[in-house]
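Geometric and topological summary
Chain residues, written in single-letter form:
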Amino acid sequence: MPLASAATSTDGALYTWITELAQRSPTALDSAVRIWSDYGLLLFAALMLASWWRSRSGDPARTATALCAPLVVVAAYLANDLVKSVFHEQRPCRTLHVVTVEACPALGDWSFPSNHAAIAAAAATAIWLTDRRLGAIAVPAAVLMAASRVWIGVHYPHDVLIGLVTGALVAWLLTAAARRCAPAVVRLRGTPLRPLVATR
């Protein structure tokens, strides 16, 4: 079975139901979801920055994970994009020809898995493992980011689900490894770079 047909049979009906619901929803709601989908990743950048700032007064391992969070997110994006380059799944808005909230991406801009979902999940996982309070904001925000990609019509549900799993898994493994950089943080606290890793 061609990949496009397999994707459609997997959750094409659910995708169609969601996009039709979006068409019947108030314009203000669609606009809010579209803005969140396009710019919501900035929230995760802000939360990572806040996580680093708050970590400086704590355990060196926590500071190390906060400092490594942006690198973890980049690694998760690259891993997800590698999967995307292998599968070459066409966007559902092109395969199913439905009316969508957002304009359909160009041909060759592959759908599976969702980079937005992977980035959001990686950031949320790294933040959660560093700072539970900020993680309580980041985790539901990642789920909302994934859902928004389906709502605006650019991804199948399975695209965002696998993106979430990929981002979270890569981030979990790399964030755990980042804790081993705690001795480097301790050494930095005795250098002129101390303000980056300590409050006093």
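Scroll up a little and you will see the structure.
Residues numbered from 1 in each chain as written. Predicted model: local features only at pLDDT ≥ 70, side-chain atom pairs only at ≥ 80, totals over all residues. Heavy atoms only, no water.

Right, let's talk about the overall build of the chain for a bit. Of regular secondary structure, the chain possesses 10 helices and 0 strands. Each helix and strand of the chain, ordered N terminal to C terminal, gives the series α-α-α-α-α-α-α-α-α-α. Projected onto the principal axes, the alpha-carbon positions of the chain cover approximately 60 × 40 × 25 Å. Within the chain, the fraction of its 200 residues that count as buried is 45%. In the chain, the proportion of contacts linking residues at least 24 apart, taken out of those at least 6 apart, comes to 79%. With the model as given, the accessible surface of the chain reaches about 10,000 Å², and the carbon-plus-sulfur share is 71%. Taking the average place of the 17 positive charges on the side chains of the chain and the average place of its 11 negative ones, the gap between the two points comes to 17 Å. (Helix = DSSP H or I, 4+ residues; strand = E, 2+ residues; numbered from the N terminus. Buried < 20%, exposed > 50% of the residue type's maximum accessible area, 1.4 Å probe, protein only. Contact = heavy atoms within 4.5 Å. Areas by Shrake-Rupley, 256 points an atom, 1.4 Å probe, with all protein chains shown as cover. Lys, Arg positive; Asp, Glu negative; His and termini not counted. Charge placed at Lys NZ, Arg CZ, Asp CG, Glu CD.)

If you walk through the whole model with that rule in mind, you get 1 disulfide. Note on cysteine connectivity: Cys93 is disulfide-linked to Cys104, with sulfurs 2.1 Å apart. In this structure the cystine formed by Cys93 and Cys104 twists about its S-S bond by roughly 75°; its chirality is therefore right-handed. Here the residue Cys93 occupies a position in helix α5 (residues 92-95), and Cys104 occupies one in the loop between α5 and α6 (115-130), the gap between them amounting to 11 residues. Not engaged in a disulfide, the cysteine Cys68 finds its nearest cysteine sulfur in Cys181; these two sulfurs lie 4.7 Å apart. (Disulfide = S-S within 2.5 Å.)

The tally for this structure, following the rule as stated, stands at 4 salt bridges. With its nearest N and O atoms 3.8 Å apart, the salt bridge here joins Arg179 to Asp59. In this pair, Arg179 is assigned in the loop between α8 (157-178) and α9 (182-188) and Asp59 in the loop between α3 (41-55) and α4 (60-87), connecting sequence segments 120 residues apart. Notably, a salt bridge pairs Asp109 with Arg91, separated by 2.9 Å at the nearest N-O pair. Residue Asp109 is found in the loop between α5 and α6, and its partner Arg91 is found in the loop between α4 and α5; the two are separated by 18 residues along the sequence. Residue Arg91 is classed as buried on the basis of its relative accessible area, which comes to 5%. Beyond isolated ion pairs, a larger network of salt bridges with shared partners links Arg54, Arg62 and Asp131. (Salt bridge = Lys/Arg side-chain N within 4 Å of Asp/Glu carboxyl O.)

Here we take up α4. With 28 residues, α4 should reach 40 Å at 1.5 Å per residue; the first-to-last C-alpha distance of 40 Å fits that figure. At Ala69, α4 is bent by approximately 45°, the largest bend along its length, and proline Pro70 sits one to four residues beyond. One or two steps after α4, the chain reaches His88, where phi turns positive at roughly 50°. (Expected span 1.5 Å × (residues − 1). Bend = angle between axes of the 7 residues up to and from the residue.)

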